[in-house]
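Observations on chain architecture
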Amino acid sequence: MNTFGTLYRITSFGESHGAGIGGVIDGMPAGIEVDMAFIQGELDRRKPGQSALTTARKEADEVELLSGIFEGKTTGTPIGFLVRNTNQHSQDYENMRNVFRPSHADFTYEQKYGIRDHRGGGRSSARETICRVVAGAFAKLALRQFGINIKAYTQQVGDIVLPGTYLDYDLDKTETNAVRCPDEAVASDMAQLIMKVKKEGDTIGGVIACVIKGCPVGLGEPIFDKLQAKLGAAMLSINAVKGFEYGLGFAGASGRGSEQNDIFEPDRVKGGITTRTNNSGGIQGGISNGQDIYFRVAFKPVATLLMEQETVDIQGNATTLTARGRHDACVLPRAVPVVEAMAAISILDAYLLSKSTQMGR
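Residues numbered from 1 in each chain as written. Predicted model: local features only at pLDDT ≥ 70, side-chain atom pairs only at ≥ 80, totals over all residues. Heavy atoms only, no water.

Thoughts on the overall build of the chain
Scanning the chain for helices and strands turns up seven helices and 18 strands. For the chain, the C-alpha radius of gyration of 21 Å lies close to 21 Å, the compact-globule estimate for 361 residues. Each principal axis of the C-alpha distribution contributes one length, and for the chain these read about 65 × 50 × 40 Å. Scored against the burial criterion, the 361 residues of the chain give a buried share of 49%. Contacts in the chain between residues far apart in sequence, at least 24 positions, make up 70% of those at least 6 positions apart. Accessible area for the chain stands at about 16,800 Å²; split by element, carbon and sulfur atoms hold 53% of it. The distance from the centre of the 39 positive side-chain charges to the centre of the 41 negative ones in the chain is 2 Å. (Helix = DSSP H or I, 4+ residues; strand = E, 2+ residues; numbered from the N terminus. Rg over C-alpha atoms; globule rule 2.2 N^0.38 Å. Buried < 20%, exposed > 50% of the residue type's maximum accessible area, 1.4 Å probe, protein only. Contact = heavy atoms within 4.5 Å. Areas by Shrake-Rupley, 256 points an atom, 1.4 Å probe, with all protein chains shown as cover. Lys, Arg positive; Asp, Glu negative; His and termini not counted. Charge placed at Lys NZ, Arg CZ, Asp CG, Glu CD.)

Structural notes on the pairing of strand β3 (residues 20–26)
Among the seven residues of β3, five are classified as buried, and the element is accordingly described as predominantly covered. Between strand β2 (residues 9–14) and the antiparallel strand that follows it, β3, lie five residues. (Pairing = 2+ DSSP bridges.)

Observations regarding the packing of helix α5 (residues 227–236) against helix α7 (residues 332–357)
A pair of packed helices is characterised by two quantities: the angle between their axes and the separation of those axes. Following both chains from N to C, one finds α5 and α7 inclined at 145°, their axes separated by 9 Å at the closest point. When you trace α5 past α7, the crossing you get is right-handed. In this structure, α5 uses Leu-227, Lys-230, Leu-231, Ala-234 and Met-235 to contact α7, whose residues at the interface are Val-339, Met-342, Ala-343, Ser-346, Ile-347, Asp-349, Ala-350 and Leu-353. Taken together, the residues of the contact of α5 with α7 sort by class into ten nonpolar, one polar and two charged. (Axes fitted to C-alpha atoms, helices over the stretch in contact; angles between N-to-C directions. Left-handed = near helix turned anticlockwise from the far one by under 90°. Nonpolar A, V, L, I, M, F, W, Y, C, P; charged D, E, K, R; others polar.)

Concerning the environment of Glu-200
Of note, Glu-200 is situated in the loop between α4 (184–199) and β10 (206–213). For the pair Glu-200 and Ile-212, spaced twelve residues apart in the sequence, the C-alpha separation amounts to 37 Å. Engagement of the side chain of Glu-200 in a polar contact is seen with the side chain of Lys-196, the distance being 2.8 Å. (Polar contact = N/O pair within 3.5 Å; in protein donor to acceptor, adjacent residues only side chain to side chain.)

Overview of the packing of helix α3 (residues 129–144) against α7
Direction vectors running N to C along α3 and α7 enclose 55°, while the axes themselves pass 7 Å from each other. Taken as axis vectors, α3 and α7 run oblique relative to one another. Classified by chirality, the crossing of α7 by α3 is left-handed. Facing Thr-129, Arg-132, Val-133, Ala-135, Gly-136, Ala-139, Lys-140, Ala-142 and Leu-143 of α3, the residues of α7 in contact are Pro-337, Val-338, Glu-340, Ala-341, Met-342, Ala-344, Ile-345, Ile-347 and Leu-348. (Parallel < 35°, antiparallel > 145°, perpendicular 65-115°, else oblique.)

Remarks on the packing of aromatic side chains
All told, the structure shown has six aromatic pairs when counted by the stated rule. Plain terms: the ring middles of Phe-244 and Phe-295 are 5.5 Å apart, the flat faces sit at 45° to each other, and that makes the pair tilted. Of this pair, Phe-244 sits in strand β11 (residues 241–246) while Phe-295 sits in strand β16 (residues 293–299), and the two are 51 residues apart along the sequence. Looking at Phe-295, the relative accessible area reads 2%, which means it is buried. The lysine or arginine in question, Lys-112, covers the ring of Tyr-113, its NZ or CZ lying 5.6 Å from the ring centre. (Phe/Tyr/Trp six-rings, centres within 6.5 Å; stacked < 30°, edge-to-face > 60°. Lys NZ or Arg CZ within 6 Å of the ring centre and 35° of its normal.)

A word on the pattern of salt bridges
Counted under the stated rule, the structure contains 23 salt bridges. As a salt-bridge pair, Glu-42 and Arg-45 come within 3.2 Å of each other at their nearest N and O atoms. Taken as a pair, Glu-42 and Arg-45 lie in helix α1 (residues 36–46) at a separation of three residues, close to a single helical turn. Assessed through its relative accessible area of 11%, Arg-45 is described here as buried. For Glu-110, the salt bridge is made with Arg-116, and the minimal N-O distance between the two is 3.0 Å. The class of Arg-116 is buried, set by a relative accessible area of 14%. (Salt bridge = Lys/Arg side-chain N within 4 Å of Asp/Glu carboxyl O.)

What to know about the nonpolar core
Of all hydrophobic cores here, the largest spans 84 residues; its most connected members are Tyr-8, Ile-25, Ile-212, Met-235, Phe-295, Phe-299 and Val-339. With 15 residues, α7 is the single largest residue contributor to this core. In this view, Ile-212 contacts Ile-148, Asn-149, Ile-150, Leu-231, Asp-292, Ile-293, Phe-295, Ala-343 and Ile-347; residues no more than four positions away in its chain are not counted. (Core = buried A, V, L, I, M, F, W, Y, C linked by side-chain atoms within 4.5 Å.)

The following block contains the structure:
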């Protein structure tokens, strides 16, 4: 499927070395002011060539809005958009035409479709995430109206881990460095590690943490469309993602219920009911409970290595391959806005679904 979402949907198209990457957003609420500077700014956070830590491919990634906007506001009709590719070096991939790159989608695409675009991975390239960032930017504009805010940051690169939780840091500092880590000292260590790995022709992975604030109670469905399931599906659809956890996640598996239950108590600040702790990560029974929603996303090292690797050609004969071209040694810095975008798409979709189920009350 090339479409994600139920009421708020994004359908994407395009390949890494084709004419461009684009999509259609359906279900966008009408009357939302379109902040083009904000939308382009979100793309700028994802685009290649923004620092020495990222791929050297130079793309402006300027978005063209084709429909669904009138006099600066959304009309409620489908929003078509296009980002043109302008800096492809397709010749860098000629030695990959007839071989399968280790841990890439080359083999599976060849087997599934009988044909593949070997230039930069074609449709399986992370360049497709442009579409998610555009759709996520529009979703963020809508979520602003409801007081919902989403922020992600790099929490881990290799064995360098930012200690504590999002509560221990000023997340506004995330954009002050190229790694997108809210602690300058830790960010510097992460950057040095990425540069070391890059010089060796190798790659490295890590973890991105994300927090959603201001989410109302009641988002998510009770059985097969639980809110954590929507978020998990969204995150696991991102290139190179290998794991998703929310709340205490896997760390909670070694503890006891008496240590982890979130005790209900009166909210003496806002009134109503709150919980003393938030080990559930803002979701209980698949439905948001009004607390901060927080989760972590694990990214594997990028599969393209600038060193010789053993592999086979399309006939199954053993051979070796040394990749050429411009590639990220670590995807984490550019993946932060992608994680935010997929979270925004998921939350807006859940919000619209929640409102639709309340109409008969």
